[in-house]
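Examining the three-dimensional arrangement
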Amino acid sequence: QLDPTTTDAILTQSANKSYIDTKKDISGLETQLGQLSEFLTDKHPKIIGLKESIERKEQLLEVAEKQGIEQLLDRKDALLLKVSNTQELIKEWEQKSREAGRLVADHDNLKADVERLKELRNRLSDVTVNLDVSTSTSQVSISILETASEAAKSRPGILKALLTASLIGLLAGIGILFVLDRIDDRVNSFSEFRDYFEEEVLGQVPFEKEVAAGSDRIPLLQSDDERQVYSESFRNIRSSLMYMATDGERPKVILVTSAIPGEGKSTVACNLARTLAFSGASTLLIDGDIRKGVVHEEFKISKEKGLADVLEGAMEWKEAIQEVDLPSLSVISRGSPKKSIGELLIHPISSSIIKEMKSQYDHVIIDSPPVLAADDTPSLAPKVDGVIMVMRSSFTSSRLTQTSLDQLRQRQANIIGIVINCINTSLPDYYHYEYYRSYYQEPVTETKKS
């Protein structure tokens, strides 16, 4: 049985031969027509017959040309599909090759450990053979050198007991701290982050204590915000997105998520969208957390008509846009779903809507549910340009964040970086934040010349 490529080649050769033979037949008929035209009139049966034959041949030639073009287009599509499949296989085998390399390295390390243990065992065996306890003493050579004194009561030293108890307590405390340090894998500083992750850090947001009046949420950033250190952290994230190293088009549609609830992803998404809008860029913020989104609470807008209604086909996405206090920022709330949320996000209409939004705005920021809380984010992540993972300092287990990143990678999502939220700026790793404070808060005084 021939493969499709060989079959296409045979069909193409057959079509080419048929095409050439038809061309030759037309050429021969035209030659005969030219010769007979010198002696016969146009209405002569032979002349008419030759012209009809030539016309039929030309029609066959047109049909052959169309078929040839269609075959070439089909072959082109087949080759493009084969190229795409080959590229996927290359990526798959590259990953397998890296995994095989890692396993080989682990095998070499284990083999080296086995050799070291064998060498230690041999040395201990030699010592045991040379040590003969049974022949080292003799009853004949044992004698009493000094008789024992009379028994007397003795009181153990209190100081010695206290020192012994203190030493035991100190060792026990050190052991407990060591065990807790091994179990607790929460990230407290940037240096600890590097021990667990290889992803890029897009920015670090300091812990903000101030909350809005009558609410338990941190106030959103304003263009003239007095929280200079807090504002500067989001400007830093904006710069990381605008000037990040990338080969192709910079990500415009960005999904903001976290591993578990309570890491501050919604606050980061809202303030990032506002910071982008402060620069004059047209920005669209979407509450993609249809189950428990809070974007409408942050901006004090309605949640009744939003993303869920758009995905269900109840309205166009432009009708769901709500204006806020910034002219270059538009917001779409989570809406009121009437169907299963998981099916809404994987529906093909979500991809087409995202493409339309991308063509209308400079930036599109989507606040999505935590990865480990629902399957919504892994379903939506492959449809956007990039994903930002928010990780709360001293709160989130590194294992949970790494598990979330692995789930997103399995869905072929483009993870562009991590934002570390709620950092403690008093730690040694963040000493540079003192320069922020001194620069923005200390008054500038002019030195008078004497």
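See above for the structure.
Let us look at the structure shown here. Computed from a predicted structure; not experimentally measured. (Residues numbered from 1 in each chain as written. Predicted model: local features only at pLDDT ≥ 70, side-chain atom pairs only at ≥ 80, totals over all residues. Heavy atoms only, no water.)

1. Considering the overall build of the protein
Just so we agree on the cut-off: Strands here mean DSSP runs of E at least two residues long; helices mean DSSP runs of H or I at least four residues long; both are numbered from the N terminus. For each residue, the accessible area found with a 1.4 Å probe, counting protein chains only, is set against the maximum for its type, and the residue is called buried under 20%, exposed over 50%, and partly exposed in between. Residue-level accessible areas treat just the shown protein chains as cover; the underlying method is Shrake-Rupley with a 1.4 Å probe.
From N to C terminus, the protein includes 13 helices and 8 strands. The proportion of buried residues among the 450 residues of the protein is 33%. Accessible surface, the protein as shown: approximately 29,900 Å² in total, 55% of it carbon and sulfur.

2. Regarding the pairing of strand β8 (residues 415-423)
Applied cut-off: Each pair of strands is called paired provided DSSP finds at least two bridges between the two strands.
Here β8 lies mainly inside the structure; 9 of its 9 residues are buried. Across 4 bridges, strand β1 (residues 201-206) lies against β8 in parallel orientation. Looking across to β8, one finds that Gly203 is bridged to Val419. Strand direction decides the pairing type here: strand β7 (residues 386-392) and β8, joined by 6 bridges, are parallel.

3. Structural notes on the side chain of Glu199
Put simply, the test is: We call two residues contacting when some pair of their heavy atoms lies within 4.5 Å.
Mapped onto the elements of the fold, Glu199 is located in the loop between α4 (190-196) and β1. The contact partners of Glu199, leaving out residues within four places of it in the chain, are Phe193, Arg194, Leu405, Arg409 and Ile418.

4. Quick word on unusual backbone geometry
Despite not being glycine, Gln412 shows a phi value in the positive range, around 65 degrees. Position of Gln412 relative to the elements: it lies in the loop between α12 (398-410) and β8. Although it is not a glycine, Cys422 sits at a positive phi angle of roughly 60 degrees. You can call Cys422 buried: its relative accessible area is 18%.

5. Topic: the packing of aromatic side chains
Heads up, the rule is: The rule is short: rings of Phe, Tyr and Trp, with Trp giving its six-membered ring, pair when the centres are within 6.5 Å, and they are stacked under 30 degrees, edge-to-face over 60, tilted in between. By the criterion adopted, a ring carries a charge over it if an Arg CZ or a Lys NZ lies within 6 Å of its centre and within 35 degrees of its normal.
Evaluation of the coordinates by the stated rule reveals 3 aromatic pairs. Ring centres of Tyr230 and Phe234 lie 5.4 Å apart, and the angle between their planes is 75 degrees; this geometry places the pair in the edge-to-face category. You can see Tyr230 and its partner Phe234 sitting in helix α5 (residues 228-242), 4 residues apart, about one turn around the helix. Residues Tyr230 and Phe234 agree in their burial class; the two are buried. Seen from the ring of Trp93, Lys96 lies directly overhead, with NZ or CZ sitting 4.4 Å from the centre. Looking at Arg392, its charged tip hangs above the ring of Phe395, at a distance of 4.7 Å from the centre.

6. Remarks on the nonpolar core
Threshold: The criterion is simple. A nonpolar core is a set of buried Ala, Val, Leu, Ile, Met, Phe, Trp, Tyr and Cys residues joined through side-chain atoms within 4.5 Å.
Grouped together as the largest cluster of nonpolar side chains are 41 residues, with contacts concentrated most on Trp317 and Ile332. Listed in part, the 31 residues of the second largest apolar core include Met244, Ala273, Ile301 and Val331.

7. Quick notes on the sheet that holds β1
Stated precisely, the cut-off is as follows: Axes here refer to lines fitted to C-alpha atoms; in helices the fit is confined to the stretch in contact. Angles between the N-to-C directions go from 0 to 180 degrees.
Spatially, 8 strands are ordered β1-β8-β7-β2-β6-β3-β5-β4 in an open sheet, and the strand pairing comes out mixed. If you trace the sheet from one side to the other, it starts and ends with β1 and β4 (322-323), each paired once. Along the sheet, α5 makes contact with β1, β2 (253-258), β7 and β8, crossing β1 at roughly 170 degrees.

8. A look at the pattern of salt bridges
Our working rule: Salt bridge, as used here, is a side-chain nitrogen of Lys or Arg placed within 4 Å of a carboxyl oxygen of Asp or Glu.
Inspection of the entire model under this criterion finds 18 salt bridges. Two residues, Asp406 and Arg409, come together in a salt bridge whose shortest N-O distance is 3.0 Å. You can see Asp406 and its partner Arg409 sitting in helix α12, 3 residues apart, about one turn around the helix. For Asp406, a relative accessible area of 34% corresponds to the partly exposed category. On the basis of relative accessibility, which here comes to 35%, the residue Arg409 falls in the partly exposed class. Ionic contacts of the salt-bridge type, sharing partners, join the residues Glu99, Arg102 and Asp106 into one network.

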